[in-house]
Structures are given as C-alpha cells and as structure tokens.
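A structural walkthrough
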Amino acid sequence: MLENETNLTEETAAAMRELARTVTYAPPLRLAPRPQERALRPAPRRWHWWAAPLTAMAAVIVLAVSLVVIRDIPNGRTAPPGRPSPAADGGGQASASPGGTAVSIAPAVAHPTASTPGTTTAPATTPTASTGATPTSSDTFVPMQTATGGEFLSPSGNIECQIDSQAGLAGAYCQTTAPARSVTMNAAGRYTVCTGQQCLANAGDGTPTLFYGTETGVGPFRCESAATGVTCTADGRGFLISASGITPVPA
Amino acid sequence: MDLVDTRTNASGADPQPPGCDADATQSVTALYDAHAVPMIRIALVMLGDRAAAEDVVQDAFFALYRRWSKLTDPVNAVAYVRSAVFNGCRDTLRRQARRDRRDHATAWSWQDAGSAEAVALIGEDRRRILAAVRRLPDRQREALVCRYYLEMSEEETARAMNISRGTVKSTTSRAVAALGRILGEEQC
C-alpha cells in the first residue's frame, strides 16, 4: 500500500512536470488591466424555476387590484376635478369653483308623501321676475332634463331638488340629507318645511349636479346653486336651503 | 525577445496606473522575463488550461506592478507573484465551477481543456492522473502541486497556502488517497 502510494505520488509529480514542460514561452507582458470576461460576455437571461409561481401570483394581485379600482370608479356623473367637499352648500367653507354644466336625464325622485306641517309663508313682495319659463341670465342657466321639470344635486351632494311645472303637480321640492329636512314650494312662492327622516326621498341614479354659480328651472320656478346653498324662487320669492337650515328669500 | 507590449506603452493608449513609474515598469518586466514561464506552468498544472493560466499570470504581474511602490522588500516580489497566481487559480476555478453548474456541464476532461497540442504529447496513463488531479478539491490539488510539483517542504507549503503544517500533511494525505480512489474507480 505504502509502495503504491509512493508510486502514485511519483507518477503524479511526473505527470505534472510533463504537463508543465509543454509551456516553453510566455506571451508579452501587458501592464494594463485585462478586460473582464463578464463584461465581454454577459450571463444569458434565464427563466428560473421559482419565477413562474411568483409571476402568476403577481398577475392575480394586479387583476384583483384592477377590479377593485374599476368597481370604485363612479359612473354616470361627470364632476369636474375640483369637486367641493361635503362641508360646502352652507354647511362649511366652499372650496371649489364653478364647474361645467353636465346634465343627464335621470329618474325623478318621488316626493315624500307624508310631511310634518310646518308651513311658513315667505314674505310677500312685489314680484319682479317674469313668471314665464325664460331665464334672464343665459350664461349661467342650465336647462332641466325635460321641458316640464327635472332634478339636480348640489356639488356637495347634500342638497337634492326636484322641480315640476306640470299642471296640478307644479312645485319645487328640495331636501338636505344632513340634517334630514325638506321643503316644498308652490308656484306662488309659498313653501312648507318638513323635518325628519320621514321627509326624505332618495335621489335617482345619475341625477346631475348643478354647479355653483349656475341656475336652472322650468315654468315659474328657478333654483340657483351657490356655496352657501340652493336658492329656489317662484313669483319673486322662495327659500334658501343649506345644511344650516331653510330661510325665506328675500329675507 | 522583448516581453513587454511596447506598443501600448509607446502610444500612450494605456497610461500607467497612479503610483507606477518607469522604475516599476522596468523591474516588473525583468521579473516577468525571469519567472513568467514557471508561473504559467504552475497555473497550467492547477487549471489545466493554457489560456486561463496565461491570464492568471498576467493578472498577477499586473497586480505586482500596481503595488510596486508599496512593496517593502522587492526580494519578496516572486513570492508575492506566486501567491497571486495561486489566488488567481482559485478564483478561476470557482468561476469555472459556477459556469459548469450553470451550464450543467459534464465532467471536465483534459481533452476538452483547449490545450490539445500539449495534451497530445502526454501519455495516456499520465493524462488519466492529471484528469484525476483535476477532480480533487482545490485545496488538495494546491497541496499536491506545492509538495510534488514545486517540491516544497511541508513548512514552505504551509506558508504558501497560509495553513498549518499539520493541515498540509493531512490535506496532502487525503489528496493522495482520493487520487488513488479515483484512478481505481476508473479501472473498474
């Protein structure tokens, strides 16, 4: 065994020397860094075995997030980027400027059938406005959905109004969701106030927004949207509704 | 024969690294003239690839050139280069092993080493021994090269490999045993 081992080491040394003797010259010395092999030949891109499930998981997550985002995008209502906060419409400081005039046809809101009588009559004043349907300021006037009426929301969404000029049904109705309160006005500018949840009705889907600084109306009714609330008048008098309450117009 | 690539130096395309002067160029060139072939031989025995061996030696002398001003005793320059050659061989073997694993390469053989002309001159039995040496772990191969090719003592080998003398003895012993086992397996 020892003899074999000695032979093996001798044979190994002899093999190494024989290989070494094949080197008889050296190439010229270059005193400059040798280009890195890695830089000359980048490693090929490979598809690692663990990448497949990770990619699939990432795809599922992206899909789920996309579905959530799509679900949350509101449809049917085109509000400008500078939508005011719900604190506006008389309930706080308004921050948005008047926007566009997006109006679409939407189902009408049902009037509350039961109302707590709290009838208030606006102070009688000499009518100055025309009783016709023609608005006086065409720059800010937005037509209603139909020739006989329609509905709208304030930019904050807290005030919802409906106007109907059909014979026998003529009237303007507005409500604030918070606090729960509504007001119904006839063509003579006389209105009644109702307080409580039972006074409210849900606005229809796709109800358009009447932006601040614009007005709308049919027949003798006209409503104007402002940061301080919505003012509706008929025959020269009416009410201002906001989160702060309902007050007669002119005061 | 002028071993310095004077073209690059004369043209100024490769300026001298900071801290290197004409004296360093002259001294390192002289050392290269005297020791390049033995160093390439060591690297070839370690790597089994002539081109890779030449690259390792070039890198070792270039490293010496860059460190020339910091070398406290130029007498140690040869030892420094030999140590750099061993280090370069280890790095090359590691890179080669990674590449082999990545490419699922089959077992290395001397016939594939790119030194076909040199290998052709070596007998079949010794080629088998060299192939078996190539299959040893790097440290065992390095110990065999130091002890049986360079004929270093155990003390010198311990200094060269930066290990204890006892480790040299055990590593060499295991290397020889493994070599016998590999060659025995091939005969079966």
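Predicted model, so just to flag it, every value in this text is computed and none were measured.

**Concerning the overall build of chain B**
Within chain B, the regular secondary structure consists of 9 helices and 0 strands. Its helices and strands in sequence order give chain B the pattern α-α-α-α-α-α-α-α-α, from N to C terminus. Considering chain B as a whole, with its 188 residues, one finds that 32% of them fall into the buried category. Here the contacts in chain B between residues at least 6 apart in sequence split such that 65% fall between residues at least 24 apart.

**What about the confidence of the model for chain B?**
Residue and element names in this part refer to chain B. Summary statistics for chain B give a mean pLDDT of 77 and a share of 76% for residues scoring 70 or more. Taken element by element, the predicted model of chain B shows its lowest mean pLDDT in helix α1 (residues 6-11) (36) and its highest in helix α3 (residues 50-66) (90). Scored below 50 in pLDDT, residues 1-16 makes 20 contacts in the model with residues more than four places away or belonging to other chains. Every residue in residues 105-114 scores below 50 in pLDDT, and together they form 15 contacts with partners more than four places removed in sequence or on other chains. Across the interfaces of the predicted complex, the ipTM metric reaches 0.75, alongside a pTM of 0.45.

**Quick notes on the interface of chain A and chain B**
Each partner contributes to the interface: chain A provides 25 residues, whereas chain B provides 36 residues. Taken together, the residues of the side of chain A that touches chain B sort by class into 16 nonpolar, 3 polar and 6 charged.

**So, the pairing of strand β4 (residues 159-164) of chain A**
Residues and elements named next belong to chain A. Of all the 6 residues making up β4, 6 are buried; the element is thus mostly covered by neighbouring parts of the structure. Of the pairings in the sheet, the one linking strand β3 (residues 149-153) to β4 comprises 5 bridges and is antiparallel in character. Bridging from a neighbouring strand, L153 pairs with E160 of β4. Once β3 ends, the chain turns through 5 residues before running back antiparallel as β4, passing G157 with a positive phi of about 85°. Hairpin connection from β4 to strand β5 (residues 171-176): 6 residues lie between these consecutive antiparallel strands, with G168 at a positive phi of about 90°.

**So, the pairing of strand β10 (residues 229-234) of chain A**
All names here are of chain A. Across the 6 residues that make up β10, a large majority, 6, are buried. Sheet topology note: the strand β9 (residues 221-226)/β10 ladder contains 6 bridges and is antiparallel. From the neighbouring strand, S225 faces β10, where its bridge partner is V230. With antiparallel pairing between neighbouring strands as the criterion, β9 and β10 make up a hairpin whose turn holds 2 residues. Relative to strand β11 (residues 237-242), β10 runs antiparallel, the two being bridged by 5 bridges.

**Digging into the sheet that holds strand β12 (residues 245-249) of chain A**
Residue and element names in this part refer to chain A. Taken together, 6 strands build an open sheet; the order of strands is β2-β8-β9-β10-β11-β12 and the sheet is mixed. The open sheet is flanked by β2 (141-142) and β12, the only strands paired with a single partner. In terms of strand pairing, β11 meets β12 through 5 bridges, oriented antiparallel. The partner of I241 across the bridge, within β12, is I246.

Thresholds, definitions, all that
Residues numbered from 1 in each chain as written. Chains lettered and ligands numbered in written order. Predicted model: local features only at pLDDT ≥ 70, side-chain atom pairs only at ≥ 80, totals over all residues. Helix = DSSP H or I, 4+ residues; strand = E, 2+ residues; numbered from the N terminus. Buried ≥ 20, exposed ≤ 12 C-beta atoms within 10 Å, placed from the backbone. Contact = placed C-beta atoms within 7 Å. pLDDT = per-residue confidence, 0-100. Nonpolar A, V, L, I, M, F, W, Y, C, P; charged D, E, K, R; others polar. Pairing = 2+ DSSP bridges.

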